[in-house]
Amino acid sequence: MRSDQIRKRALAGARERGLKLLARVLDGASEAQIERRFGSAPMQRALFAAMARAFDPDAAGGFEGRVGYELSRPATGGQPLAWTIDVSAGRATVHRGLAPGAKLTLRLELADFMRVAAGTLDPVVPVLQGRASVLGDFGLAARLPQMFGAARPRAGGA
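Basis of the calculations
- Residues numbered from 1 in each chain as written.
- Predicted model: local features only at pLDDT ≥ 70, side-chain atom pairs only at ≥ 80, totals over all residues.
- Heavy atoms only, no water.
- Core = buried A, V, L, I, M, F, W, Y, C linked by side-chain atoms within 4.5 Å.
- Buried < 20%, exposed > 50% of the residue type's maximum accessible area, 1.4 Å probe, protein only.
- Contact = heavy atoms within 4.5 Å.
- 1 Å grid on protein atoms, 1.4 Å probe; cavity = no way out; pocket = protein on both sides within 12 Å on 5 of 7 lines; lining within 4 Å.
- Points joined across faces, edges and corners; volume = space filled by probe spheres on them.
- Helix = DSSP H or I, 4+ residues; strand = E, 2+ residues; numbered from the N terminus.
- Nonpolar A, V, L, I, M, F, W, Y, C, P; charged D, E, K, R; others polar.
- Lys, Arg positive; Asp, Glu negative; His and termini not counted.
- Salt bridge = Lys/Arg side-chain N within 4 Å of Asp/Glu carboxyl O.
- Polar contact = N/O pair within 3.5 Å; in protein donor to acceptor, adjacent residues only side chain to side chain.
- Pairing = 2+ DSSP bridges.
- Axes fitted to C-alpha atoms, helices over the stretch in contact; angles between N-to-C directions.
- Phe/Tyr/Trp six-rings, centres within 6.5 Å; stacked < 30°, edge-to-face > 60°.

Once that is clear, we can look at the nonpolar core. Formed by 37 residues in total, the largest nonpolar core has its most connected members in Tyr69, Phe113, Met114, Leu144, Met147 and Phe148. Here Phe148 is in contact with Met51, Ala54, Phe55, Tyr69, Ile85, Val87 and Ala92, once residues within four sequence places are set aside.

Below you can see the structure in the form of structure tokens.
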């Protein structure tokens, strides 16, 4: 086995263990608890930096451009959090704030974002329940979990 394959397997294993830990932290937590735990600037920076590091260019299908995230915090009344992931030349970088020209902008509650990332909530549920909106390329939206290393929704993850 080549060293790059070994590295990919090790990273995938570490990511899977991290997502399982995240799911346990979120289990039973209220929206307000999630917003307090994951809404700070350092935690947000760490989360989005991890997404950028987890970027899989093979899953991107040649996509290059910006993806914006606006995360509301209704349970605590905090200001929305905004981030942009810029994909270019097979790499992803993250920037605070919404950058103009995003090919996709997702607006959802921080608690739903965290649960989707952990695989405990199907990403379609918040949209269907009116807690999230998708502006732009819906095909791209469907590929985001694979592009950025989110867990697949677990059975019963409503």
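Take the layout of surface pockets next. In this model, the largest pocket occupies a volume close to 1600 Å³. What lines the largest pocket is a set of 50 residues, among which Leu144, Pro145, Phe148, Gly149 and Ala150 lie closest to the centre. Elements that contribute at least two residues to the lining of the largest pocket include exactly helix H1 (3-26), helix H3 (41-54), strand S4 (104-109), helix H5 (110-118), helix H6 (124-128), strand S5 (132-136) and helix H7 (138-148). The greatest single-element share of the lining of the largest pocket, amounting to 12 residues, is contributed by H1. For the lining of the largest pocket, a count of residues per class yields 38 nonpolar, four polar and eight charged.

Looking at the element boundaries, Ala32 is found in helix H2 (residues 31-38). Measuring from C-alpha to C-alpha, the distance between Ala32 and Ala82 comes to 18 Å, with 50 residues separating the pair along the chain. Not counting residues within four places of it along the chain, the set of residues in contact with Ala32 comprises Ala75 and Thr76.

Our next topic: the side chain of Arg73. Following the sequence through the fold, Arg73 ends up in strand S1 (residues 65-73). Among buried charged residues, Arg73 stands out as having no salt bridge; its nearest opposite-charge side chain is Glu35, 5.7 Å away. Polar contacts involving the side chain of Arg73 include one to the main-chain carbonyl oxygen of Gln79, which spans 2.7 Å. Setting aside anything within four residues of it in sequence, one finds Arg73 in contact with Glu35, Gly39, Gly78, Gln79, Leu81 and Leu110.

Take the sheet that holds S1 next. The strands that make up a sheet are held in pairs by hydrogen bonds between backbone atoms, and each pair lies either parallel or antiparallel. Taking strand neighbours across the sheet as the criterion, the five strands line up as S3-S2-S1-S4-S5 in an open arrangement whose pairing is mixed. The outermost strands of the open sheet, each flanked by one partner alone, are strand S3 (91-96) and S5. Across this sheet, the average inter-strand angle for adjacent strands is 15 degrees, counted without regard to direction. In the sheet, S1 pairs with strand S2 (residues 78-88) via eight bridges, with the strands oriented antiparallel.

With that settled, the discussion passes to the environment of Ser133. Residue placement: Ser133 occurs in strand S5. Taking the C-alpha atoms as reference, Ser133 lies 6.6 Å from Leu108; in sequence the two are 25 residues apart. Leaving out residues up to four positions away in the same chain, Ser133 has contacts with Thr105, Leu106 and Arg107.

All chains considered together, the criterion is met by five aromatic pairs. Aromatic pair Phe48 and Tyr69: ring centres 5.4 Å apart, planes at 65 degrees, arrangement edge-to-face. Taken together, the positions of Phe48 in helix H3 and Tyr69 in strand S1 put the pair 21 residues apart, joining distant regions of the chain. Taking relative accessible area as the criterion, Phe48 reaches 0% and is therefore assigned buried. A residue is classified by how much of its surface remains accessible, and Tyr69, at 4% relative accessible area, is buried. Seen from their ring centres, Phe55 and Phe148 are 5.5 Å apart, and the 40 degrees between their planes marks the pair as tilted. Highlighted residues: Phe55 in the loop between H3 and helix H4 (57-60) and Phe148 in helix H7, separated in sequence by 93 residues. For Phe55, a relative accessible area of 10% gives the class buried. The exposure class of Phe148 is buried, given its relative accessible area of 5%. Site record: aromatic cluster; members linked through ring pairs are Phe48, Tyr69, Trp83 and Phe113.

These figures capture arrangement, not role.
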